Amino acid sequence: LGDEAERIMKESMVSSQDSTHFVVESNGKPVNVVLVILESFSNKVIYPLAKANDEFDTAHGIPHNYFDENNAVIKNLTPNLSRYCNEGIAFTNFYGTRSDRGLSALLGAFPALIRASSILEFTEKIKSVTFLPEMFGEKGYDMSFYYGGDINFYNTNVLLIQSGVKNIVERSAFPLAQSAAQKWGVPDEFLYSRLGDDIKSMKTPFFTMVYNISSHEPFDVPEHFKRVKGTTTSDLYLNSVAYTDSCLGAFIEGLKKSPQWENTLVIITSDHTSLLPEPQSSVYELSSYRVPMIWMGGVVKEKRIVDKICSQTDLYFTLHEQLRFNGDLPDNAKCYSRNMFSNADEYAFFFRPDGWGFVSPEQGFFSNVDNGQRNYIFGPANDSIVHFAEAYAQYLHDDFIRR
């Protein structure tokens, strides 16, 4: 299938995709970009997105048991994120996979893998990927990365240094009382507060990334915050999600009052989902892979809900086009990334150690590489769609081996 896969993939690649520009510069100045990467957030915990996904699943005959219109907990769990869905552009069918795979896809437009976790595990192969910060660095952006934990996880430090990110603020940059307050590091309130303070004096234009840790298990958020009572793992997860939402909300509301807001794009997404809360979704359900993707800020002039099927790898191409950056895309983005605001084909993949899944408007399925079975989530079997999906998966893994 190797040669055939390469032919099919090259035919699917596009050098440009016409689209409407939803990001509008202020006075011709370059747009500042804040990329918020939420830990373990799924659409299931953000009410407008959960509701939209329920409608999609119902229309496609997909059985599910995680959404309840009358669930007051979910309705009130993340009030800030729920509000932001209606203040900018929210994507309801945006797909992602696990931690380092999510970072590889979001920042490198390089998808996750079957078996091997991601290309970030392999330092020699990391060198073959051009990551998102490099695109901003070429345009003279001031770049920074804020993280409450240890920056060495999944070779993230290698990714950042290779990409030219010199300002890296991580666990060791915070007082001991804060850096040791949770198992994995700095509680979100201090992380977002630090970014909020620093952003006031950032050289413009800037591209800053912030990645929180409080919604990572064991969900040991500070004792003073208790919106969701209970001691089950599900309760603790829900409380951590509510805590992160409150901390992010404080940061965003502060940014709105700053002079930078007028010319800043804020993108809120997630590294991956969680099967929680109870009742947990199955690893074979689409709800286990839908993550938030919200665009807002002073440069976003139009409010809309986008139901198009997209994935984490699509962020690269979309930003390149929306920010009107000239120049060719790197091969990894040219191959695996599409402009989310264009009329490009709709599809997304999700990868697990035991197989891979595919979803398009016509069909969704999961192929188990352990037992060779293909389970159709919705839609009748379509040979041409399956053939494209298999070619993509084959090409991706051949590409990975070549790097």
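Check the entry above for the structure.
Keep in mind the model is a prediction, meaning the values are calculated, not measured.

(A) Structural detail: the overall build of the protein. Helix and strand counts for the protein stand at 14 helices and 12 strands. Its C-alpha atoms give the protein a radius of gyration of 20 Å, within 12% of the compact-globule value 22 Å for 403 residues. Structurally, the protein occupies a C-alpha span of about 55 × 50 × 40 Å along its principal axes. Residue pairs in contact within the protein that sit at least 24 positions apart in sequence constitute 71% of those at least 6 positions apart. Accessible surface, the protein: about 15,600 Å² in total, of which carbon and sulfur atoms supply 49%. Within the protein, the 50 negative side-chain charges are centred at a point lying 4 Å from the centre of the 36 positive side-chain charges.

(B) Here's a closer look at the packing of helix α10 (residues 188–199) against helix α11 (residues 233–256). With their axes 9 Å apart at the nearest point, α10 and α11 run at an angle of 10° to one another. Of the possible angle classes, the one that applies to α10 and α11 is roughly parallel. Judged by the sense of rotation from one axis to the other, the crossing of α10 with α11 is right-handed. Packed against α10, whose contacting residues are D188, E189, Y192, L195, G196 and I199, the element α11 presents Y243, T244, C247, L248, F251 and L255 at the interface. A per-class count over the contact of α10 with α11 returns 8 nonpolar, 2 polar and 2 charged.

(C) Fine view of the pattern of salt bridges. Applying the stated rule across the entire model yields 20 salt bridges. E69 serves as the salt-bridge partner of K75, at 3.8 Å between the closest nitrogen and oxygen. Note on E69: relative accessible area 34%, which makes it partly exposed. Where E302 meets R304, a salt bridge forms, and the shortest distance between an N and an O atom there is 2.8 Å.

(D) Representation of the nonpolar core within the structure. Ranked by size, the top nonpolar core spans 78 residues in total, and within it F91, F136, L265, W295 and L319 carry the most contacts. If one sorts the elements of this core by residue count, helix α14 (residues 383–402) sits on top with 10 residues. Setting aside chain neighbours within four positions, we find F136 in contact with V33, Y141, M143, F207, L319, L323 and F325. L49, V186, I199 and F206 belong to the second largest nonpolar core, which has 48 residues in total.

(E) Just the sheet that holds strand β9 (residues 348–352), in detail. The antiparallel open sheet is built from 4 strands, whose spatial order is β9-β10-β11-β12. On the outer flanks of this sheet lie β9 and β12 (374–378), each paired with one strand and no other. Along the sheet, successive strands turn relative to each other by an average axial angle of 15°, direction set aside. Alignment of β9 against strand β10 (residues 355–359), held across 5 bridges, turns out to be antiparallel. When the bridges of β10 are listed, R352 appears paired with G355. Taken strand by strand, α14 contacts β9, β10, β11 (364–368) and β12, and its axis lies near 135° from that of β10.

(F) Representation of the environment of K203 in the model. With respect to the element layout, K203 can be found in the loop between α10 and β5 (206–211). Under the relative-accessibility criterion, K203 is labelled exposed at 59%. A sequence separation of 101 residues divides K203 from G102, and the C-alpha atoms of the two residues are 28 Å apart.

(G) Spatial organisation of unusual backbone geometry. Following T204, the chain continues into P205 via a peptide bond in cis, with omega recorded as 0°. With respect to the helices and strands, the residue P205 is situated in the loop between α10 and β5. Omega for the bond connecting L276 with P277 falls within 30 degrees of zero, at 5°, which places this linkage in the cis form. With respect to the helices, strands and loops of the structure, P277 is situated in the loop between β6 (264–270) and β7 (293–296). At A109, a residue that is not glycine, the phi angle is positive and equals roughly 50°. By the element assignment, A109 lies in the loop between α5 (99–108) and α6 (123–126). In this structure, F219 is a non-glycine residue whose phi angle is positive, near 60°. By the secondary structure assignment, F219 is in the loop between β5 and α11. With relative accessibility at 8%, the residue F219 sits in the buried group.

(H) Inspection of the side chain of D235 at higher detail. Within the secondary structure, D235 is located in helix α11. Setting aside anything within four residues of it in sequence, one finds D235 in contact with V228, K229 and G230.

(I) Structural view of the sheet that holds strand β3 (residues 142–147). Overall, mixed pairing links the 8 strands, which are arranged β4-β3-β5-β1-β6-β7-β2-β8 in an open sheet. Each having just a single partner strand, β4 (167–169) and β8 (304–311) make up the two edges of the open sheet. Mean inter-strand twist for the sheet, computed between neighbouring axes without regard to direction, equals 15°. In terms of strand pairing, β3 meets β5 through 6 bridges, oriented parallel. Bridge assignment links D142 to a residue of β5, and that residue is F206. Contacting β1 (32–38), β6, β7 and β8, helix α12 (residues 314–322) runs over the sheet at an angle of about 15° to β7.

(J) Examining the packing of helix α1 (residues 2–12) against α14 more closely. Relative orientation of the contacting elements α1 and α14 amounts to 105°, with a least axis distance of 8 Å. Classified by the angle their axes make, α1 and α14 are roughly perpendicular. Across from G2, E4, A5, E6, I8, M9 and S12 in α1, the residues of α14 making contact are H387, F388, A391, Y392, Q394, Y395 and D398. Tallied by class, residues from the contact of α1 with α14 come to 7 nonpolar, 4 polar and 3 charged.

Cut-offs used in this document
- Residues numbered from 1 in each chain as written.
- Predicted model: local features only at pLDDT ≥ 70, side-chain atom pairs only at ≥ 80, totals over all residues.
- Heavy atoms only, no water.
- Helix = DSSP H or I, 4+ residues; strand = E, 2+ residues; numbered from the N terminus.
- Rg over C-alpha atoms; globule rule 2.2 N^0.38 Å.
- Contact = heavy atoms within 4.5 Å.
- Areas by Shrake-Rupley, 256 points an atom, 1.4 Å probe, with all protein chains shown as cover.
- Lys, Arg positive; Asp, Glu negative; His and termini not counted.
- Charge placed at Lys NZ, Arg CZ, Asp CG, Glu CD.
- Axes fitted to C-alpha atoms, helices over the stretch in contact; angles between N-to-C directions.
- Parallel < 35°, antiparallel > 145°, perpendicular 65-115°, else oblique.
- Left-handed = near helix turned anticlockwise from the far one by under 90°.
- Nonpolar A, V, L, I, M, F, W, Y, C, P; charged D, E, K, R; others polar.
- Salt bridge = Lys/Arg side-chain N within 4 Å of Asp/Glu carboxyl O.
- Buried < 20%, exposed > 50% of the residue type's maximum accessible area, 1.4 Å probe, protein only.
- Core = buried A, V, L, I, M, F, W, Y, C linked by side-chain atoms within 4.5 Å.
- Pairing = 2+ DSSP bridges.

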